[in-house]
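Descriptive analysis of the structure
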Amino acid sequence: MKAEHYVGGAFRSDGPSFALIDPRDGSERGVVPEATREIVDEAVTAARSALRGAWGAADAARRATALRRIADGIEARFDAFVDAEVADTGKPRELAATVDVPRAIGNFRAYADLLYGRPERAYTTSVPGWSGGAGEALNYTVRRPLGVVAIISPWNLPLLLLTWKVAPALAAGNAVVAKPSEETPSTATLLAHVIDAAGLPSGAFNLVHGHGADAAGAFLTGHPGVDAIAFTGESATGAAIMRNAADHVTPVSFELGGKNPAIVFADADLEAALDGTVRSSFTHSGQICLCTERVYVERPVFDDFVRELGKRAGGLAGYGPMISAEHRDKVLSYYRLAEEEGAAFVAGGGVPEFGDERDGGFYVEPTVITGLPESARTVKEEVFGPICHVAPFDTEDEALGLANDSPYGLASALWTRDLSRAHRVAPRVETGIVWVNCWNLRDLRTPFGGVKASGIGREGGEYSLDFFSEPVNVCIQI
Ligand code: NAD
Ligand code: 6OD
């Protein structure tokens with residue numbers, strides 16, 4: 001798949017470019033065009049024109065039809081999307097075929113459906129009033145699109161997280177300029193081809209490739225013609241985007257980093273808790289924002305849990321690489337830091353040897369550690385790799401204190417058979433998402449997002465449509 005920009009309804013790859021590296025073996029597998037400030041500017045201008053033209057005039061029915069065509073278009077090229085996602089990320093094919101691509105299709109269908117479920121509000125008013133403002137009135141509130149929205153997405157679930165924002169942004173009537181991660185340009189380019197074939201008015205969706213800081217990402221998020229920014233990525237990047245957006249007071253929706261806790265009570269179904277923790281810590285080699293990196297286990301079952309978790313982590317096979325050499329080095333630096341901080345390694349801690357081309361790729365071993373104080377950097381900082389630290393606790397309050405002692409607050413998992421305990425504890429965990437006896441069970445209508453340094457706002461269902469539109473109140477004196 002050749003990466004291309006898509007600007008004003010035309011594909012192009014002019015200007016500078018950079019190499020695309022295959023994380024599975026370290027080889028160069030293509031080149032990606034790097035959008036200059038001028039190309040970003042053209043994309044924003046094209047988006048504005050679309051809003052003033054055919055896309056701005058498209059009503060909800062037309063937009064819903066467009067979204068359904070896009071979903072159908074992805075479905076028709078399902079295998080090509082899976083191939084491209086696997087080639088860019090190195091993730092297991094099964095993951096791309098059962099999660100990333102079906103979810104991308106689901107995102108467009110869900111928002112096509114949701115468009116019609118939106119109530120519009122009316123208020124009849126009798127105001128005693130002041131300065132001549134008294135009287136009977138009918139107020140009604142309509143929602144209008146924000147305008148040109150910038151969407152910046154990361155490399156870990158490239159298609160899922162891009163479409164998670166593009167679908168509601170288009171549903172709400174905005175024009176989009178999207179910039180995927182420089183590491184994963186392929187499914188975004190395929191999506192642009194599908195959108196092109198779906199017949200959206202030119203400029204309604206634009207795609208620019210390139211890097212973030214001092215490059216396409218920064219040109220886009222600091223652009224005066226951008227009316228809102230929806231971003232998923234690291235918390236530090238979110239802070240940089242916020243600073244850049246501040247000059248134009250551009251609204252932001254942020255899905256950021258995490259250091260997600262799991263709490264395993266002694267009364268839990270331990271098989272389910274172990275299975276769930278293996279999934280939550282090691283799916284996509286820990287490169288999902290929702291992955292568990294801190295596990296707190298009630299003392300009576302701590303030793304058994306740690307031993308079994310280590311066994312299962314050590315036995316994992318068929319896992320994918322880190323996205324890049326740079327990210328592999330970052331994850332390995334945390335493995336070494338954990339050693340220096342005094343961790344005991346129950347599983348992993350190094351680089352696997354395969355004896356084939358994967359030895360040129362960016363793999364690290366699934367790793368389980370124990371024995372660190374809560375103040376250790378390995379326990380506090382997001383690694384975004386296949387590592388979890390397991391620590392014991394004695395009381396419910398202590399578990400909550402440990403789980404909440406974090407600058408982050410994205411997601412958590414509770415494992416218990418005691419329903420009262422689950423209801424008591426869940427609202428007290430300082431994360432935007434709490435799973436009980438499960439992990440990453442997702443209903444697309446539910447609010448998704450984090451507290452503290454894990455984000456600003458919520459996405460999902462109505463929450464995304466709220467962000468991507470604004471209420472306008474019309475007051476008619478009767
Ligand atoms: P990143 O922040 O490095 O990059 C994300 C995107 O931002 C990329 O497209 C990048 O080019 C762009 N970018 C980087 N610097 C920029 C700048 N100064 N201005 C504008 N754009 C810029 O994140 P990543 O390494 O791609 O992804 C991993 C991170 O994302 C982890 O921290 C993970 O927790 C987080 N994440 C969060 C969620 C969530 O829903 N909360 C989901 C997935 C990933
Ligand atoms: O499932 C989703 O919709 C979602 N936003 C997942 C985010 C995963 C982060 O890496």
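Use the structure listed above.
Anyway, here's the lowdown on the structure attached to this text. Remember, it's a predicted structure, so these values are computed and weren't measured experimentally.

Moving on, we come to the overall build of the protein. A tally of helices and strands in the protein yields 16 helices and 22 strands. In summary, the protein has a C-alpha radius of gyration of 24 Å against a globular reference of 23 Å for 478 residues, a match within 12%. Taking the principal axes of its C-alpha atoms as reference, the protein extends roughly 70 × 60 × 40 Å. The buried share of the protein, taken over its 478 residues, is 56%. Taking as baseline every contact in the protein between residues at least 6 positions apart, the subset at least 24 positions apart corresponds to 74%. Surface exposure of the protein reaches about 18,900 Å², of which carbon and sulfur atoms provide 53%. If you average the places of the 44 positive and of the 63 negative side-chain charges in the protein, the two averages end up 5 Å apart.

A few words on the nonpolar core. Residues Trp55, Ile70, Ile74, Leu191 and Phe205 are the most contacted members of the largest nonpolar core, which totals 77 residues. Among the elements that make up this core, the one with the highest residue count is helix 5 (residues 93–114) (eight residues). Not counting residues up to four positions away in its chain, the partners in contact with isoleucine 74 are Phe81, Val101, Ala104, Ile105, Phe108, Leu191 and Val194.

What follows is about the environment of valine 177. Structurally, valine 177 is set in strand 8 (residues 175–179). C-alpha separation for the pair valine 177 and valine 208, spaced 31 residues apart in sequence, amounts to 7.2 Å. Setting aside residues up to four positions removed in sequence, valine 177 forms contacts with Ala43, Val44, Ala47, Val148, Val149, Ala150, Ile151, Asn206, Val208 and Leu220.

What follows covers the sheet that holds strand 5 (residues 121–127). The antiparallel open sheet is built from three strands, whose spatial order is 5-6-22. Across the chains shown, the open sheet's two edge strands, defined by having one partner strand only, are strand 5 and strand 22 (469–477). The mean inter-strand angle of the sheet, taken between neighbouring strand axes irrespective of direction, is 25°. The pairing of strand 5 with strand 6 (residues 135–145) spans seven bridges and is antiparallel. Bridge pairing links alanine 122 to tyrosine 140 in strand 6.

Take unusual backbone geometry next. In this structure, phenylalanine 384 is a non-glycine residue whose phi angle is positive, near 65°. Residue position: phenylalanine 384 is located in the loop between helix 13 (377–380) and strand 16 (387–393). Here asparagine 440, not a glycine, exhibits a phi torsion of approximately 60°, which is positive. Tracing the chain through its elements places asparagine 440 in the loop between strand 19 (433–436) and strand 20 (451–452).

Taken together, 30 residues form the shell around ligand 1, and within it Trp155, Glu182, Thr237, Leu256 and Glu382 come nearest. Looking at the shell around ligand 1, the elements with two or more residues in it are helix 8 (216–221), strand 10 (228–232) and helix 9 (235–246). Take the shell around ligand 1: its biggest share by element is three residues, from helix 8. Partitioning the shell around ligand 1 into residue classes produces 14 nonpolar, 11 polar and five charged. Viewed by domain, the shell around ligand 1 spans two of them, domain 1 (5–256 + 454–477) and domain 2 (260–443), each represented by three or more residues.

Before going further, it helps to spend a moment on the sheet that holds strand 14 (residues 344–347). Note: strands within a sheet are paired through backbone hydrogen bonds, in either parallel or antiparallel orientation. Taken in spatial order, the seven strands make up an open sheet running 14-15-16-13-12-18-19, and their pairing is mixed. The open sheet is flanked by strand 14 and strand 19, the only strands paired with a single partner. Sheet twist, expressed as the mean angle between neighbouring strand axes with direction ignored, is 25°. Relative to strand 15 (residues 367–370), strand 14 runs antiparallel, the two sharing three bridges. In the sheet register, phenylalanine 345 faces strand 15, and the bridge partner there is isoleucine 369. Relative to strand 18 (residues 411–415), helix 10 (residues 270–282) is tilted by about 165°, and along the sheet it contacts strand 12 (260–264), strand 13 (292–298), strand 15, strand 16 and strand 18.

Once that is clear, we can look at the site of ligand 2. Ligand 2 sits among Arg103, Asn156, Leu157, Leu160, Leu161, Trp164, Ile288, Cys289, Arg442 and Phe448. Side-chain polar atom of arginine 103 to an oxygen atom of ligand 2: 2.6 Å apart, as the coordinates give it. Separating an oxygen atom of ligand 2 from a side-chain N or O atom of asparagine 156 is a distance of 2.7 Å. With three residues, helix 6 (residues 158–171) is the single largest residue contributor to the shell around ligand 2. The residue inventory of the shell around ligand 2, partitioned by class, reads seven nonpolar, one polar and two charged. Two domains each donate at least three residues to the shell around ligand 2, and these are domain 1 (5–256 + 454–477) and domain 2 (260–443).

Next up on the list: the state of the cysteines. On inspection of all chains with the given rule, the structure shows zero disulfides. Lacking any disulfide linkage, cysteine 388 is separated from the closest cysteine sulfur, that of cysteine 291, by 10 Å. The closest cysteine sulfur to the non-disulfide-bonded cysteine 438 is located on cysteine 291, 15 Å from its own sulfur. By relative accessible area, cysteine 438 is classed as buried at 18%.

Right, let's get into the packing of helix 4 (residues 78–89) against helix 5. Axis separation between helix 4 and helix 5 bottoms out at 9 Å; the angle between their running directions is 120°. The angle between the axes of helix 4 and helix 5 places the two elements in the oblique class. The two elements helix 4 and helix 5 meet at a crossing, and its hand is right-handed. Of the residues in helix 5, those in contact with Phe78, Asp79, Phe81, Val82, Asp83, Glu85 and Val86 of helix 4 are Arg93, Ala96, Ala97, Asp100, Val101, Pro102 and Ile105. Residues that form the contact of helix 4 with helix 5 fall into these classes: nine nonpolar, no polar and five charged.

As a further point, take the side chain of glutamate 459. Within the secondary structure, glutamate 459 is located in the loop between strand 21 (455–456) and helix 16 (461–467). Separated by 2.8 Å, the side chains of glutamate 459 and lysine 165 make a polar contact. At 2.9 Å, the side chain of glutamate 459 and the side chain of serine 253 are in polar contact. Setting aside chain neighbours within four positions, we find glutamate 459 in contact with Trp164, Lys165, Ala230, Ser253, Glu255, Thr446, Pro447, Phe448 and Ser464.

A separate point is the pattern of salt bridges. Enumeration over the complete set of coordinates arrives at 34 salt bridges. We note a salt bridge from arginine 12 to glutamate 42, for which the minimum N-O separation is 2.7 Å. Here arginine 12, found in strand 2 (residues 10–12), pairs with glutamate 42, found in helix 1 (residues 37–52); they are 30 residues apart in sequence, far enough to count as distant. Between arginine 328 and aspartate 329 there is a salt bridge, and its shortest N-O distance comes to 2.8 Å.

Basis of the calculations
- Once a new chain begins, its residue numbering starts again from 1 and follows that chain's sequence as written.
- All chains are assigned letters beginning with A, and all ligands numbers beginning with 1, in the order in which they are written.
- Only residues with pLDDT of 70 or above have their local features reported here, since the model is predicted, and side-chain atom pairs are shown and tallied only from 80 upward, although totals for entire chains, interfaces and linings are computed over all residues.
- Side-chain numbers come from the whole structure's heavy atoms, not from hydrogens or water.
- Each helix corresponds to a stretch of at least 4 residues labelled H or I by DSSP, and each strand to a stretch of at least 2 residues labelled E; elements are numbered beginning at the N terminus.
- Here the globule rule reads 2.2 Å times residues to the power 0.38, and the radius of gyration is calculated from C-alpha atoms.
- Between buried and exposed lies partly exposed: a residue is buried under 20% and exposed over 50% of the maximum accessible area for its type, with that area taken using a 1.4 Å probe on protein chains only.
- Working rule for contacts: check all heavy atoms of both residues, and any pair within 4.5 Å makes them a contact.
- Only the protein chains shown count as cover for residues, with accessible areas throughout obtained via the Shrake-Rupley method and a probe of 1.4 Å.
- Just so you know, the count uses Lys and Arg for positive and Asp and Glu for negative, and it drops His and the chain ends.
- By convention, the charge on Lys lies at NZ, on Arg at CZ, on Asp at CG and on Glu at CD.
- Take the buried Ala, Val, Leu, Ile, Met, Phe, Trp, Tyr and Cys residues and link them wherever side-chain atoms come within 4.5 Å; each set so joined is a nonpolar core.
- Think of it this way: DSSP has to see at least two bridges between two strands before they count as a pair.
- Every axis in this analysis is a line fitted to C-alpha atoms, fitted for helices over the stretch in contact. Angles between the N-to-C directions lie between 0 and 180 degrees.
- Residues are labelled near a given molecule or strand when at least one of their non-hydrogen atoms is within 4 Å of it.
- Side-chain classes are defined by residue name, with Ala, Val, Leu, Ile, Met, Phe, Trp, Tyr, Cys and Pro counting as nonpolar, Asp, Glu, Lys and Arg as charged, and the others, Gly among them, as polar.
- These domain boundaries are the output of an automatic or database domain assignment.
- Any pair of N or O atoms that falls within 3.5 Å is considered a polar contact. Within protein, one atom must be able to donate a hydrogen and the other to accept it, and sequence-neighbouring residues count only if both atoms are side-chain atoms.
- Note that a disulfide, as used here, is simply two cysteine sulfur atoms within 2.5 Å.
- Geometric relationships in this document are graded by angle, where less than 35 degrees denotes roughly parallel, more than 145 denotes roughly antiparallel, 65 to 115 denotes roughly perpendicular, and other angles denote oblique.
- If you view the pair so one helix is near and one far, a crossing is left-handed when the near helix is turned anticlockwise from the far one by less than a right angle, and right-handed when it is turned clockwise.
- Any carboxyl oxygen of Asp or Glu that lies within 4 Å of a side-chain nitrogen of Lys or Arg is treated as forming a salt bridge with it.

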